[in-house]
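As a plain string of letters, each chain reads:
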Amino acid sequence: LLNSAALLSAACGALVFGHLLDRVGRRTMYGYETLILAVGAILSAVAPNYAWLFVSRLILGFGVGGDYPASAVIVSEFANRPDRGRLVTAVFSMQGIGLIAGPLIAMAVLDAGVGLPAAWRILLALGAVPATLGFILRRRMSESPRYLSDGQASVVSTPPRGSATPSATMAAAPEEAPRGARTRHDLRQRFAQLLKRPFLTRLIGTSLSWFLVDVIFYGNGVSYHVILHWVFAKASLTDTLLISLLLFSVFALPGYILAAFAMDRLGRRWIQGVGFIVIALTGAAIFAFPVVTARPWLFTALYGVSYLFIEFGPNTTTFLLPAELFPTRLRGSAHGIASALGKMGAFLAALCFPAVLSDLHMPGLFGVIGLLAAFGAITTWTMLPESRRRALEEMNAVMQSDDVHHNYARIVDSMTDDRFEQTVTDEMLQMSGASAVTLHRRPPEAASGALETAALTVNDEALRPLFTTLHHIDTAGASAADQAMHTAWRQALNSALDEHRPAASSTAPASPFRTSIQSFAVFPLVHREECMGVLTFWDDGAGTFSARRLTQLDTLIKLMAKLMARRWEISLLNRLALTDPLTRLANRLGLELEVERRITRDPAHAQPASFAFVIFDLDKFKQLNDSRGHQSGDQALGEIGRAFREAHDTGTFYAARLGGDEFVLLYDHAASHLQAVAAAERLIDRLPLENWNLGVSAGLSLCPDDGVTYQELYRAADARLYHAKQLGGRRMVFQDERAGRAVSSMALR
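Residues numbered from 1 in each chain as written. Predicted model: local features only at pLDDT ≥ 70, side-chain atom pairs only at ≥ 80, totals over all residues. Heavy atoms only, no water.

A. Representation of the overall build of the chain within the structure. When its secondary structure is counted, the chain shows 26 helices and twelve strands. Residues counted as buried form 52% of the 749 residues belonging to the chain. Relative to all contacts within the chain whose residues are 6 or more apart in sequence, the contacts with residues 24 or more apart total 74%. Of the roughly 33200 Å² of accessible surface on the chain, 61% is carried by carbon and sulfur atoms. (Helix = DSSP H or I, 4+ residues; strand = E, 2+ residues; numbered from the N terminus. Buried < 20%, exposed > 50% of the residue type's maximum accessible area, 1.4 Å probe, protein only. Contact = heavy atoms within 4.5 Å. Areas by Shrake-Rupley, 256 points an atom, 1.4 Å probe, with all protein chains shown as cover.)

Encoded structure:
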């Protein structure tokens, strides 16, 4: 009973931690199971009596049980698809090191002469050391990205306004329910999904496999000293430890290592099924030929082979499979149930194996083991799918084929491209099978509820006129979590549909496309309570957005929201790196990149497209700083920057601040110096210079006449700016070939 106590409470720990992993998050719980384990180990070591020791072992077992779903789920959700089996198995295989370390440490303690009464206390207390270290390291881990992407998204599926028959139900955001009610509802929802196919079949298959292998593994492992004393009747405690060390080193540890390296090559079902079959054959051999038990080293060889194929077989795969065969929101609970059933098998085996051995003797015991292993092989081949090199989402019937993963990979690859939003709608259209997909984006700097069209993809160009009315929509809500945003967005969609719906009384359709949109589904792209936009799926069929299809789309949207958030962060970092924070114009680095882009944008032509490079600074800016303070100078620069940003009607230009009071303007389509000067003069007239008693001195160079690199253009323009300063300021110096002189200038206000 004492040997099996920890196994009984491990079943409870697996259930509790499995549920909490899904309920409150992976990172929230990860590490506390090892803390409980450490507490149980210390309490066991200082136990003054049997009752104390028994309860302490229950505490320790609770932590051990909690570690099964925690470790498996965390590693599987962080691992990539090709190496997931190896990584999860490698984590589990560390117990192989423990199997060898245990006897070695025990032998060292015994050889130290501390005596048996102190030896077992030292050994139990040592279990707290790695557990405490594990707690410290695990609390530093971040949350699983799959768990983060599995939050509930707001989904709206609605028919066009005025339809006689709804094409899909509208799912408005429910009113906030009490926390306890939400918890009970979520729990019922998750277990209701677990009880549906294919997850019910997988749950039975993984739980039954784990139960059977733990009956075999722990029946042998916890009772191995009884089995070895049966075969090696005259062996001392030290001899038994040496034999067990030999078994663990020669058979168990290589089995773990082989499993880790072969898991992603041979597959989970193959390794588990073959492992069960070999265990069944060795059990049958010992049962059929009882004389084997009278030959200690022959028995040890067969016993070792079965040990090898327990590790290179169901002992490792049963830890891995429940972490792969269930959706994210069910993964912890399902793994907890499967491991709890396994630990119940371990408890029964540890409790009953000595009695079975006494009644049936060694051949009969291994005959029972052979039957259990044969049943495990049947369970494996009939109830469990192969998950090797398959994505977790695909395994869970969320994404239906590898094509989806190729679509998703293309979206990820375009994260840093200018066409990211367009790639999103292109791939989402292909994945969803809808008639059209629109992506409306909220600009990162926008504080209001305004959304602007970022991308559109349609499978029929006749549909495109519908979406011109959706160019810009004010949703009246600053947060995507607000119901006001959803309401305003639905109203806007319905209005657009009304404009393009065929007239009922007309024989010729008023719509510019052949078939009107009959249903749509709206998904706000929300990440950490921040709205990045709205993705809408449109379909010309009625009722196409079924509950199952919405669930599939919902999963994709959560992934898109995370990618959009990442893209948003990349864009923000790019802006910070290339933008002057005071004027919100480009900085020197941004200017250099823009000049390079303009010079190389048309490689088909020998000469780059012409544009003007105007560099100017502010006259009397130092006096402004000296007389009214640097705060006034900064305010003046800010107003000038805002004037540049608002001056869109003066032509195609690009403005940058190099530093201090020095600015640069780039003008497209500048065929001559005079044309560029005229454009610059119109823009300078719009600057609020008189408010601050400032003037402008400027120098102008022209690409390609004055240079074809940033350095050449800057050098020519800067020399002319210096000449303008020498002439007294408030003028622009430029090259005017028609004037017949080397340098010409024009007065500025």
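B. Inspection of the packing of helix α3 (residues 32-45) against helix α6 (residues 116-126) at higher detail. Remark: α3 packs on α6, axes separated minimally by 7 Å, with the N-to-C direction vectors making an angle of 170°. Taken together, the axes of α3 and α6 are roughly antiparallel relative to one another. In contact with A41, S44 and A45 of α3, α6 contributes W120, R121, L124 and A125. Tallied by class, residues from the contact of α3 with α6 come to five nonpolar, one polar and one charged. (Axes fitted to C-alpha atoms, helices over the stretch in contact; angles between N-to-C directions. Parallel < 35°, antiparallel > 145°, perpendicular 65-115°, else oblique. Nonpolar A, V, L, I, M, F, W, Y, C, P; charged D, E, K, R; others polar.)

C. The arrangement of the nonpolar core in detail. Ranked by size, the top nonpolar core spans 59 residues in total, and within it I216, F276, F299, Y307, F319, F366 and I369 carry the most contacts. Only α4 (50-78), α5 (84-111), α10 (199-222), α12 (237-266), α13 (268-288), α14 (296-311), α15 (314-320) and α16 (328-383) provide two or more residues apiece to this core. In terms of residues, this core owes the most to one element, α16, which gives 13 residues. Not counting residues within four places of it along the chain, the set of residues in contact with F319 comprises Y68, S71, A72, V88, F92, W210 and H335. (Core = buried A, V, L, I, M, F, W, Y, C linked by side-chain atoms within 4.5 Å.)

D. Expanded view of a nonpolar patch on the surface. Together, I105, V114, I122, L123, L126 and V129 make up a nonpolar patch on the protein surface, roughly 440 Å² of accessible area in all. Broken down by element, the nonpolar patch gets its largest block of residues, three residues, from α6. You can see L123 is positioned in helix α6. (Patch = residues over 30% accessible without salt bridge, like charges linked within 9 Å, V, L, I, M, F, W, Y side chains within 5 Å. Salt bridge = Lys/Arg side-chain N within 4 Å of Asp/Glu carboxyl O.)

E. Fine view of the confidence of the model for the chain. Overall, the predicted model of the chain reaches an average pLDDT of 77, with 77% of residues at or above 70. Of all secondary-structure elements in the chain, the lowest mean pLDDT belongs to strand β1 (residues 156-158), at 37, while α3 reaches the highest, 93. Long-range and interchain partners of residues 398-403, a stretch whose pLDDT sits below 50, account for 13 contacts in this model, where long-range means more than four residues apart. Scored below 50 in pLDDT, residues 504-514 makes 16 contacts in the model with residues more than four places away or belonging to other chains. (pLDDT = per-residue confidence, 0-100.)

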